[in-house]
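# Coordinate analysis (summary)
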Amino acid sequence: MFTSVDDVSARLAETGYLASPAVATTVFLADRLGKPLLVEGPAGVGKTELAKAVAAVAGARLIRLQCYEGVDESRALYEWNHAKQLLRISAGRDESWDETRTDIFGEEFLLPRPLLTAIRGDDPKVLLIDETDKADVEVEGLLLEVLGDFQVTVPELGTVTATRRPFVVLTSNATRELSEALRRRCLFLHIGFPDAELERRIVRLRVPGIETALAESVVRVVGALRAMDLRKVPSVAETIDWARTLLALGAGTLDETVVRDSLGVVLKHQDDIQKAAAKLNLDAL
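Keep in mind that what you see is a predicted model, and the values were worked out from it rather than measured.

Definitions and limits used
Residues numbered from 1 in each chain as written. Predicted model: local features only at pLDDT ≥ 70, side-chain atom pairs only at ≥ 80, totals over all residues. Heavy atoms only, no water. Patch = residues over 30% accessible without salt bridge, like charges linked within 9 Å, V, L, I, M, F, W, Y side chains within 5 Å. Areas by Shrake-Rupley, 256 points an atom, 1.4 Å probe, with all protein chains shown as cover. Salt bridge = Lys/Arg side-chain N within 4 Å of Asp/Glu carboxyl O. Lys, Arg positive; Asp, Glu negative; His and termini not counted. Charge placed at Lys NZ, Arg CZ, Asp CG, Glu CD. Helix = DSSP H or I, 4+ residues; strand = E, 2+ residues; numbered from the N terminus. Buried < 20%, exposed > 50% of the residue type's maximum accessible area, 1.4 Å probe, protein only. Polar contact = N/O pair within 3.5 Å; in protein donor to acceptor, adjacent residues only side chain to side chain. Contact = heavy atoms within 4.5 Å. Pairing = 2+ DSSP bridges. Axes fitted to C-alpha atoms, helices over the stretch in contact; angles between N-to-C directions. 1 Å grid on protein atoms, 1.4 Å probe; cavity = no way out; pocket = protein on both sides within 12 Å on 5 of 7 lines; lining within 4 Å. Points joined across faces, edges and corners; volume = space filled by probe spheres on them. Nonpolar A, V, L, I, M, F, W, Y, C, P; charged D, E, K, R; others polar. Phe/Tyr/Trp six-rings, centres within 6.5 Å; stacked < 30°, edge-to-face > 60°. Lys NZ or Arg CZ within 6 Å of the ring centre and 35° of its normal. Core = buried A, V, L, I, M, F, W, Y, C linked by side-chain atoms within 4.5 Å.

### Focus on a negative patch on the surface
Together, Asp-72, Glu-73, Glu-145 and Asp-149 line one region of the surface with negative charge. By secondary structure assignment, the location of Asp-149 is in helix H8 (residues 137-149). For Asp-149, a relative accessible area of 49% corresponds to the partly exposed category.

### So, the environment of Asp-6
Here Asp-6 is to be found in helix H1 (residues 5-14). Spatially, the C-alpha atom of Asp-6 lies 46 Å from that of Asn-81, the residues being 75 residues apart in sequence.

### Quick notes on the side chain of Thr-48
Position of Thr-48 relative to the elements: it lies in helix H3 (residues 47-58). Owing to a relative accessible area of 18%, Thr-48 belongs among the buried residues under this scheme. A distance of 3.0 Å separates the side chain of Thr-48 from the side chain of Asp-130, its partner in a polar contact. Residue contacts for Thr-48: discarding those within four places in its chain leaves Arg-64, Leu-128, Asp-130 and Thr-171.

### Quick word on the sheet that holds strand E8 (residues 167-172)
Read from one edge to the other, the open sheet built from 5 strands follows the order E2-E5-E8-E1-E9, with strand pairing classed as parallel. Sheet topology places strand E2 (61-66) and strand E9 (187-190) at the edges, where each strand pairs with a single neighbour. Across the sheet, the mean angle from the axis of one strand to that of its neighbour is 20°, orientation sign disregarded. Summarising the sheet, E2 and strand E5 (residues 125-130) pair through 6 bridges and their orientation is parallel. In the sheet register, Leu-62 faces E5, and the bridge partner there is Val-126. Contacts from helix H2 (residues 21-33) reach strand E1 (37-40), E8 and E9 within the one sheet, and its direction differs from that of E9 by about 160°.

### Details of the layout of surface pockets
Looking at the largest pocket, its volume works out to about 620 Å³. Together, 33 residues line the largest pocket, and Tyr-17, Gly-44, Val-45, Gly-46 and Val-236 are the ones closest to its centre. Elements with a minimum of two residues in the lining of the largest pocket: H2, H3, E9, helix H10 (196-206) and helix H12 (236-249). A breakdown of the residues in the lining of the largest pocket according to their chemical character gives 16 nonpolar, 9 polar and 8 charged. Estimated volume of the second largest pocket: approximately 220 Å³. Along the wall of the second largest pocket there are 16 residues; nearest its centre are Met-1, Asp-31, Arg-165, Pro-166 and Phe-167. Sorting the residues of the lining of the second largest pocket by element identifies H2 and E8 as the ones contributing at least two each.

### With respect to the packing of aromatic side chains
Working definition: an aromatic ring pair is given by the centre-to-centre distance plus the angle between the planes. Under the criterion given, the structure shown has 1 aromatic pair. Consider the rings of Tyr-78 and Trp-80, whose centres lie 6.3 Å apart with planes at 80°: the pair is edge-to-face. For the pair Tyr-78 and Trp-80, a shared accessibility class is recorded, and that class is buried. Over the face of the ring belonging to Phe-109 we find Lys-84, whose NZ or CZ atom lies 5.7 Å from the ring centre. Taking the ring centre of Phe-193 as reference, the NZ or CZ of Arg-226 above it sits at 4.4 Å.

### With respect to the environment of Leu-110
Considering the arrangement of structural elements, one finds Leu-110 in strand E4 (residues 110-112). Taking the C-alpha atoms as reference points, Leu-110 and Ala-174, 64 residues apart in sequence, are found 34 Å from one another. Each residue touching Leu-110, except ones within four places of it in the same chain, is listed here: Tyr-78, Glu-79, Trp-80, Leu-116, Arg-120 and Leu-157.

### Re the nonpolar core
Judged by nonpolar contacts, the single largest core of 33 residues is most densely connected at Leu-77, Leu-115, Ile-129, Leu-143, Leu-147 and Leu-170. If you list the elements that add at least two residues to this core, you get E2, strand E3 (78-80), helix H7 (114-119), E5, H8, strand E6 (151-154) and E8. The residues touching Leu-170, leaving out its near neighbours within four places in the chain, are Pro-36, Leu-37, Leu-38, Val-39, Ile-129, Thr-132, Leu-143, Leu-147, Leu-182 and Cys-186. In terms of nonpolar packing, the next biggest core, distinct from the first, is built from 32 residues, Leu-214, Val-219, Val-259 and Leu-282 among them.

### Thoughts on the pattern of salt bridges
A side chain of one charge can pair with a side chain of the opposite charge if their charged atoms are brought near each other. Following the criterion strictly, the structure yields 16 salt bridges and no others. When the shortest N-O distance is used, the salt bridge between Glu-79 and Arg-113 registers 2.2 Å. Of the two residues, Glu-79 sits in strand E3 while Arg-113 sits in the loop between E4 and H7, which places them 34 residues apart along the sequence. If you follow the salt bridges from partner to partner, you end up with Glu-40, Glu-177 and Arg-183 in one network.

Structure below.
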């Protein structure tokens with residue numbers, strides 16, 4: 001998909017995703033080596049958006065497996081359309097079981113889920129396995145099998161092998177330690193909070209019409225909030241939301257009144273808002 005690291009940076013920027021050199025380099029290597037990319041970091045720093053941006057620049061179909069506690073093989077890989085199978089069995093009462101069984105376990109009755117969908121067909125795809133750390137350990141074993149050989153065995157139909165491997169992105173908020181076996185199969189990328197200069201560029205790109213001075217003020221205040229001992233420090237997503245809020249309010253500058261009235265956009269816990277209101281000194285920023 002990409003010819004160089006600079007090509008990654010330039011093409012991602014066209015979609016509105018400003019990648020640091022580390023991000024651009026790792027994406028280039030994942031593409032060139034054909035390895036899954038494991039992206040860790042706090043919520044809201046652009047892990048999921050990275051997969052979406054790669055899909056956009058590659059003209060690929062984005063297939064997303066949203067992980068959660070209790071997700072199982074039927075939700076991740078495939079399942080059978082049992083209602084349709086029962087109708088077929090009822091319609092063929094005069095047939096032998098062998099005839100019916102051969103029919104109801106055919107392609108027409110198969111419901112492919114994200115993992116199977118991603119390895120079938122020749123069209124370009126980006127497989128996003130989002131919040132992998134929220135899935136149970138058993139799902140990791142399934143991922144090891146699929147991502148190891150990019151093939152899936154459906155007992156009734158045989159083995160499905162990818163003729164064109166998808167670009168795979170796994171994201172994690174590090175709420176649970178992923179297995180070493182899964183990590184070994186991936187290239188690793190940690191996305192943290194961007195430096196002030198990159199975050200200013202992100203804000204100005206994602207919030208058209210914002211004045212440079214206001215964007216700089218927002219980034220400075222968010223940086224000060226991140227330095228506090230808060231339950232949930234603001235991420236890049238909150239920075240963008242706050243900048244959009246200030247623009248909607250018609251605020252040209254950040255003063256105490258504006259900050260106090262809009263802190264709920266950037267902080268999500270009342271004790272964090274109270275702590276920030278007490279400690280934040282705008283004159284010192």
